[in-house]
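So the chains spell out like this:
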Amino acid sequence: MRIQVDKERCVGAGMCALTAPDVFTQDDDGFSEVLPGRAETTGEPTLVKEAVRACPVGAVSVTQD
Ligand code: SF4
């Protein structure tokens, strides 16, 4: 599973970092970033899927490898 944030879409709402703080953070400008080493995960993706739903602009995506 690969987690990505579309920085062109992100408006810095912060819902992803609030929902899954182990996976997402916000840069100095408030835009979301996937934390180093967390772009690929094999664990239970419940919170990541919640973050996908929580993003108001659909900037978070998860793809299966
Ligand atoms: S929830 Fe969406 S818009 Fe908000 S910081 Fe995360 S990716 Fe950006």
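Anyway, here's the lowdown on the structure attached to this text. Computed from a predicted model, the values in this text were never measured in an experiment.

What follows is about the overall build of the protein chain. Within the protein chain, the secondary structure is distributed over two helices and four strands. Scanning the protein chain from its N terminus toward the C terminus, one meets helices and strands in the order β-α-β-β-α-β. Counting only C-alpha atoms, the protein chain reaches 30 × 20 × 20 Å along its principal axes. Counting all 65 residues of the protein chain, 32% fall into the buried class. Here the contacts in the protein chain between residues at least 6 apart in sequence split such that 58% fall between residues at least 24 apart. Separation between the mean location of the 6 positive side-chain charges and that of the 11 negative ones in the protein chain comes to 6 Å.

Below, the discussion takes up the side chain of Ser32. Within the element layout of this structure, Ser32 appears in strand β3 (residues 32-34). Judged by relative accessible area, which is 4%, Ser32 ranks as buried. Look past the residues within four positions of Ser32 in its chain and what remains in contact with it is Val5, Lys7, Cys10, Cys16, Phe24, Thr25 and Gln26.

Near the ligand you find 14 residues, and of these Cys10, Ala13, Gly14, Cys16 and Cys55 are the closest. Per-class residue counts for the shell around the ligand are eleven nonpolar, three polar and no charged.

Turning to the nonpolar core, a few remarks are in order. Ranked by size, the top nonpolar core spans 14 residues in total, and within it Ile3, Val5, Cys16, Val23, Phe24, Val48 and Val60 carry the most contacts. For this core, the secondary structure elements donating two or more residues are β1 (2-5), α1 (15-19) and α2 (46-54).

On to the pattern of salt bridges. A pair can form between side chains of opposite charge whenever their charged atoms are brought close. One pass over the structure, following the stated rule, counts five salt bridges. Measuring nitrogen to oxygen at the nearest pair gives 2.6 Å for the salt bridge that ties Glu40 to Arg2. Linking Glu40 in the loop between β3 and α2 with Arg2 in strand β1, this pair joins segments that are 38 residues apart in sequence. A residue is classified by how much of its surface remains accessible, and Glu40, at 49% relative accessible area, is partly exposed. Residue class for Arg2 comes out partly exposed when judged on its relative accessible area of 32%.

Calculation criteria
- Here the residue numbering is sequential within each chain, running from 1 through the sequence in written order.
- Two thresholds apply to this predicted model, a pLDDT of at least 70 for residue-level local features and 80 or more for giving and counting side-chain atom pairs, whereas whole-chain, interface and lining totals are computed over all residues.
- With hydrogens and water set aside, each side-chain value is computed from the structure's full complement of heavy atoms.
- Numbering of helices and strands runs from the N terminus, with a helix taken as a DSSP run of H or I at least four residues long and a strand as a DSSP run of E at least two residues long.
- Note on classification: 1.4 Å probe, protein chains only; a residue is buried when its accessible area is under 20% of the maximum for its type, exposed when over 50%, partly exposed between these limits.
- Residues count as neighbours in contact if any of their non-hydrogen atoms are within 4.5 Å of one another.
- In this tally, Lys and Arg are treated as positive and Asp and Glu as negative; His is ignored, and so are the chain termini.
- Charge coordinates come from a single atom per side chain, which is NZ of Lys, CZ of Arg, CG of Asp or CD of Glu.
- Note on definitions. A residue lies near a molecule or strand when any single heavy atom of the residue is within 4 Å of it.
- For this scheme, ten residues count as nonpolar: Ala, Val, Leu, Ile, Met, Phe, Trp, Tyr, Cys and Pro. Four count as charged, namely Asp, Glu, Lys and Arg, and the remainder, Gly too, count as polar.
- Think of a nonpolar core as a cluster: buried Ala, Val, Leu, Ile, Met, Phe, Trp, Tyr and Cys residues, connected wherever their side-chain atoms sit within 4.5 Å.
- The term salt bridge refers to a side-chain nitrogen of Lys or Arg lying within 4 Å of a carboxyl oxygen of Asp or Glu.

Read these as layout, nothing more, since geometry by itself doesn't imply function.
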